[in-house]
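Chains, contacts and geometry: an overview
Single-letter residue listing:
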Amino acid sequence: MGDQSQDKLYATTLQTIGAVANLPIVRVDREAFLRRNFAGDAHLDVILRDGPTAVYTAESLRRKADSIIKNSTAKTSAASFAAGLPSNPVVMVAAGGADVVQYFGFSINLAQQIAYLFGEDELFNAGGELSDAAQIRVIAYLGVMLGAAGAAGLVVQTSKQAGAVMGKKVAAQALTKTTWYPLVKKVGALVGQKITKKTVEKTITKAVPVLGGVVSGGLTYVTFRPMGSRLADVLMKNLAGEFDDQLELNSVFASSLTAEVVEPDGVVVVSE
C-alpha cells in the first residue's frame, strides 16, 4: 500500500468515524448498559464501579457477549433492510453512502457494548465527543471487527491497562508525533479499504427495489455477527493474558521497520 493510498484510506476512516459519531444510534452510556445487562445482580455496585471483569471470568463474559452480539445483529440487519429499499438510480450512490454510515454506526455501538462488558472505560466524553485517544480505540475496535492485520495488537495496547498512559501521550502531543501513529495509520488505512468495499456493496443493492433491501439486510446479517465475535474474542484473550508472551524486537532493529505494534514506551512488539 503506497503512502498516498494509505493517507487517502486513513482519511476515509477518520471521515467515517466523524460522521458516525454524530448519529444518535452510536453512543452507548456505559452505566446504563451495565445496569440493563446486570439488573438484579448481587454485585451490581462493584460492576458499575470496577467493571464486570472485577466480578466474572473472561470465559463467562464471552458467553454473555454472544447474546449481546446476536441481539445487535438482528437490529442492525432490520435497519439495513429498511435502508436498502430506496431504488431511484439518481440517489443510489448517496443512499449507499448513508447505509454505510449507518452500518458503521451500529458497529461502533456494538464495539462499545462489548468493550464495556470486558471492563473498558467510557468511549465518549461528557460532551458526547471522541478524544484523539478515543478515536484510536475506535480504529482498533473496527480493525479487529473487520479483520485488519495488526488490529488485535492495537486493541491490546489501547485497553484499559494501557489506556491511561496512551491518553496522556496523545494529549501531550500531536497524534502524528507519537509512537502510536504508524500502527494507528496502518490499521486505519485497512479499515478505510473495508469501508470503501462496503460502500460499493451497499450501492449495488440499491439497483433493485425490494430485492436490494433483502440483499442489504442479508449482507449485514452474514458479516455483522462474526465482526462482534472477533472483537469479543480479542478482548477475552487480552483479559486472560494470552497476549503477554509476545516477542519483543531489539529496539535498534525495530527502528528500521514499520512497526506492527508500538507500545506507549516505544517498545515494538510483534503481534499475531
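The residue numbers shown here count from 1 along each chain, following its written sequence. Whole-chain, interface and lining totals are the exception, using all residues; otherwise, since this is a predicted model, local features are given only for residues with pLDDT of at least 70 and side-chain atom pairs are given and counted only at 80 or more. Hydrogens and waters are ignored; side-chain quantities use all the structure's heavy atoms.

1. Looking at the overall build of the protein
Stated precisely, the cut-off is as follows: Segments assigned H or I by DSSP are reported as helices when at least four residues long, segments assigned E as strands when at least two residues long, and all are numbered from the N terminus. By definition, residues are in contact when any of their heavy atoms lie within 4.5 Å. Each accessible area is a Shrake-Rupley result for a 1.4 Å probe, and residues are judged covered by the shown protein chains and nothing else.
If you tally the helices and strands in the protein, you get eleven helices and two strands. By sequence separation, contacts in the protein at least 24 residues apart represent 74% of the contacts at least 6 residues apart. Summed over its atoms, the accessible surface of the protein is roughly 12,700 Å², and 58% of this surface lies on carbon and sulfur atoms.

2. Observations concerning the layout of surface pockets
The condition is simple: Note on definitions: the grid is 1 Å and covers protein atoms alone; a cavity is a set of points where a 1.4 Å probe fits but cannot get out; a pocket is an open set with protein on both sides within 12 Å along at least five of seven lines; lining residues have an atom within 4 Å of a point. Grid points are joined across faces, edges and corners, and a volume is the space filled by probe spheres set on the points.
One number sums up the size of the largest pocket: a volume of about 250 Å³. Of all elements in the fold, only α2 (30-37), α4 (58-83) and α5 (92-117) reach the threshold of two or more residues within the lining of the largest pocket. Of the residues forming the lining of the largest pocket, the biggest block, six residues, is contributed by α4.

3. Thoughts on the confidence of the model for the protein
How we decide: pLDDT expresses, on a scale from 0 to 100, how confident the predictor is about each individual residue.
Here the protein shows a mean pLDDT of 74. Residues at 70 or above account for 61%. Confidence drops under pLDDT 50 across residues 258-272; counting only partners more than four residues distant or on other chains, this segment forms 43 contacts.

4. Remarks on the pattern of salt bridges
Note that side chains of opposite charge can pair when their charged atoms are close. What counts here: When a carboxyl oxygen of Asp or Glu is within 4 Å of a side-chain nitrogen of Lys or Arg, the pair counts as a salt bridge. Type-normalised accessible area, obtained with a 1.4 Å probe on protein chains alone, sets the label of each residue: buried when under 20%, exposed when over 50%, and partly exposed for intermediate values.
For the coordinates displayed, the defined rule picks out five salt bridges. A salt bridge links Lys185 to Asp7; the shortest N-O distance between them is 2.2 Å. One end of the pair, Lys185, is in helix α9 (residues 181-204); the other, Asp7, is in helix α1 (residues 3-20), and 178 residues separate them in sequence. Judged by relative accessible area, which is 15%, Lys185 ranks as buried. Asp233 is the partner of Arg62 in a salt bridge, and the nearest nitrogen-oxygen pair spans 2.7 Å. Of this pair, Arg62 sits in helix α4 while Asp233 sits in helix α10 (residues 209-239), and the two are 171 residues apart along the sequence. For Arg62, a relative accessible area of 11% puts it in the buried group. By relative accessible area, which is 29% here, Asp233 ends up partly exposed. What emerges from the salt-bridge pattern is a single network uniting Arg62, Asp66 and Asp233.

5. As for helix α6 (residues 132-145)
Structurally, the α-helix is built with 3.6 residues per turn, so residues lying three or four positions apart point the same way. To be explicit about the condition: In this scheme, a helix's expected span is set at 1.5 Å multiplied by one less than its residue total.
Given a rise of 1.5 Å per residue, 14 residues ought to cover 20 Å, and the 20 Å separating the end C-alpha atoms of α6 matches this to within 8%. A large share of α6 lies buried, amounting to twelve of its 14 residues. Taken residue by residue, α6 has Ala133, Ala134, Ile136, Arg137, Val138, Ile139, Ala140, Tyr141, Leu142, Gly143, Val144 and Met145 as its buried positions. Positive backbone phi, at 80 degrees, marks Gly147, one or two positions downstream of α6.

6. Some words on the packing of α6 against helix α7 (residues 151-158)
Quick note on the threshold: Between N-to-C directions, angles cover 0 to 180 degrees, with each direction set by a line fitted to C-alpha atoms, over the stretch in contact for helices. By definition, turning the near helix anticlockwise from the far helix through less than a right angle yields a left-handed crossing, and turning it clockwise yields a right-handed one. Lys, Arg, Asp and Glu make up the charged group, whereas Ala, Val, Leu, Ile, Met, Phe, Trp, Tyr, Cys and Pro make up the nonpolar group; the residues left over, Gly among them, are polar.
For the pair α6 and α7, interaxial distance at closest approach is 8 Å and the crossing angle is 145 degrees. Crossing hand, α6 versus α7: left-handed. Residues Ile136, Arg137, Ile139, Ala140, Tyr141, Gly143 and Val144 of α6 form the contact with α7, whose participating residues are Ala151, Ala152, Leu154, Val155 and Thr158. Partitioned by chemical class, the residues of the contact of α6 with α7 number nine nonpolar, two polar and one charged.

7. What to know about the environment of Ala115
Locating Ala115 in the fold gives a position in helix α5. As a C-alpha pair, Ala115 and Met236 span 121 residues in sequence and 9.9 Å in three-dimensional space.

8. Brief notes about the side chain of Ser229
Note on placement: Ser229 falls in helix α10. Apart from residues lying up to four places away in sequence, Ser229 is in contact with Arg62 and Ile69.

9. As for the packing of aromatic side chains
Where we set the bar: Whether two aromatic rings pair depends on their centres lying within 6.5 Å, for rings of Phe, Tyr and Trp, where Trp uses its six-membered ring; planes under 30 degrees apart make the pair stacked, over 60 edge-to-face, and the rest tilted. In this analysis the charged atom, NZ for Lys or CZ for Arg, is taken to sit over a ring once it is within 6 Å of the ring centre and within 35 degrees of the ring normal.
On inspection of all chains with the given rule, the structure shows two aromatic pairs. The lysine or arginine in question, Lys64, covers the ring of Phe38, its NZ or CZ lying 5.2 Å from the ring centre.

10. Here we look at the environment of Glu31
By secondary structure assignment, the location of Glu31 is in helix α2. Given a relative accessible area of 41%, Glu31 falls into the partly exposed group. For the pair Glu31 and Ile47, spaced 16 residues apart in the sequence, the C-alpha separation amounts to 9.3 Å.

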